[in-house]
Amino acid sequence: MKYTRYEYSTEAELNIFEFESVGPKGKITKLVQYTEMNIKDYYNLAFGDLDVITREINDGVITNNGDAIKVLATVVSTVYAFTGKYPEAYIFATGSSEARTRLYRMGITNNLEELKNDFYVYGLRNDDTFEPFIVGDDYLGFLITRKY
């Protein structure tokens with residue numbers, strides 16, 4: 001992507017990525033996790049702040065650290081890394097709220113032409129069907145897979 005991103009750390013399987021958001025509220029550790037779903041090669045992308053007590057993702061926190069574009073660019077960079085290792089993977093993502101899903105939709109919309117160079121991008125409709133992503137349409141979630 002054309003945006004700067006944070007450096008992240010990960011493990012050999014590339015299932016969990018960790019990075020720090022840096023802004024007015026300090027350094028906040030973020031996690032991106034890819035979990036295989038009940039269909040082979042389909043993975044759920046989970047993202048949020050690291051809960052320091054449980055060591056799990058808290059996707060309900062609104063950080064407002066002033067770096068949303070850089071954070072989303074970092075999440076997208078993990079998609080590139082993950083699908084580089086697992087090119088057959090389908091990645092499903094949705095927000096933990098309607099507002100977050102709308103934020104993700106806006107991020108996809110703003111970068112769709114670039115994303116379409118490397119990925120097939122789909123939107124999940126209200127009737128539980130996927131269609132190629134259409135700018136301006138509302139979706140419940142998103143599905144992407146790498147072109148190769």
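Placed above this text is the structure.
Procedures and definitions
- Along every chain, residues carry numbers that run from 1 in the direction the sequence is written.
- Since the coordinates come from a predicted model, pLDDT governs what is reported: local features require at least 70, and pairs of side-chain atoms require 80 or more to be given and counted, while whole-chain, interface and lining totals use all residues.
- Derived side-chain values reflect all non-hydrogen atoms in the structure, with water molecules and hydrogen atoms excluded from consideration.
- Note on definitions: salt bridges are taken to be side-chain nitrogens of Lys or Arg within 4 Å of carboxyl oxygens of Asp or Glu.
- Secondary structure is summarised from DSSP: a helix means a run of H or I of at least four residues, a strand means a run of E of at least two, and numbering begins at the N terminus for each.
- Residue burial is assigned from relative accessible area. The probe radius is 1.4 Å, only protein chains are included, and a residue is buried under 20% of its type maximum, exposed over 50%, and partly exposed in between.
- Stacked, tilted and edge-to-face are the three classes applied to pairs of Phe, Tyr and Trp rings, where Trp contributes its six-membered ring and a pair requires centres within 6.5 Å; stacked means planes under 30 degrees apart, edge-to-face means over 60, and tilted covers the rest.
- When the NZ atom of lysine or the CZ atom of arginine is within 6 Å of a ring's centre and also within 35 degrees of its normal, the charge is said to sit over that ring.
- Here, residues are in contact when the closest pair of their heavy atoms is within 4.5 Å.
- Residues belong to a common nonpolar core when they are buried Ala, Val, Leu, Ile, Met, Phe, Trp, Tyr or Cys residues joined through side-chain atoms within 4.5 Å.

**Q** Explain the pattern of salt bridges here, please?
**A** Opposite charge on two side chains permits pairing when their charged atoms draw close. All chains considered together, the criterion is met by six salt bridges. The closest approach of N and O atoms between Asp 49 and Lys 30, which form a salt bridge, is 2.6 Å. A residue pair is termed long-range when its members are at least 10 positions apart, and Asp 49 in strand E4 (residues 42–50) and Lys 30 in strand E3 (residues 26–36) qualify at 19 residues. Of the two residues, Asp 49 and Lys 30, both sit in the buried class. The salt bridge involving Lys 116 is made with Glu 113; its shortest N-O contact spans 3.7 Å. With Lys 116 and Glu 113 both in helix H2 (residues 98–118) and three residues apart, this pair spans about one turn of that helix.

**Q** Can you walk me through the packing of aromatic side chains in this structure?
**A** For any two aromatic rings, the description comes down to two numbers: the centre-to-centre distance and the angle of the planes. What the rule picks out here adds up to 13 aromatic pairs. Look at Tyr 139 and Phe 142: their rings are 6.3 Å apart centre to centre, the planes differ by 70°, and that puts the pair in the edge-to-face class. Across the pair, Phe 142 and Tyr 139 agree in class, each one buried. Three or more aromatic residues link up through ring pairs in this structure, and these residues are Tyr 8, Phe 17, Tyr 34, Tyr 43, Phe 82 and Tyr 86. Taking the ring centre of Tyr 6 as reference, the NZ or CZ of Lys 70 above it sits at 4.3 Å. Cation over ring: Lys 147 sits above Tyr 120, and NZ or CZ is 5.1 Å from the ring centre.

**Q** Is there a simple way to think about the environment of Thr 109 in this case?
**A** The residue Thr 109 is located in helix H2 in this model. The exposure class of Thr 109 is partly exposed, given its relative accessible area of 26%. C-alpha of Thr 109 to C-alpha of Gly 136: the two residues are 27 residues apart in sequence and 8.0 Å apart in space. Excluding residues that lie within four positions of it along the chain, Thr 109 makes contacts with Phe 133 and Val 135.

**Q** Please clarify how the nonpolar core should be interpreted in this entry.
**A** Most often, soluble globular proteins have nonpolar side chains that are buried together. By size, the foremost hydrophobic cluster in this structure holds 27 residues, and its most contacted members are Val 32, Tyr 34, Leu 45, Phe 47, Ile 91 and Val 121. Of all elements in the fold, only strand E2 (16–23), E3, E4, helix H1 (68–85), strand E6 (90–93), H2, strand E7 (119–124) and strand E9 (141–146) reach the threshold of two or more residues within this core. When residues of this core are assigned to their parent elements, the largest contribution, five residues, is made by H1.

**Q** Before we go on, may I ask you to explain unusual backbone geometry in this structure?
**A** Most peptide bonds adopt trans geometry, and most residues besides glycine take a negative phi value. In the Ramachandran plot, Arg 55 falls in the positive-phi region, its phi being about 65° despite a non-glycine side chain. For Arg 55, the position within the fold is in the loop between E4 and strand E5 (57–58). Owing to a relative accessible area of 53%, Arg 55 belongs among the exposed residues under this scheme. Even without being glycine, Asp 128 reaches a positive phi, approximately 65°.

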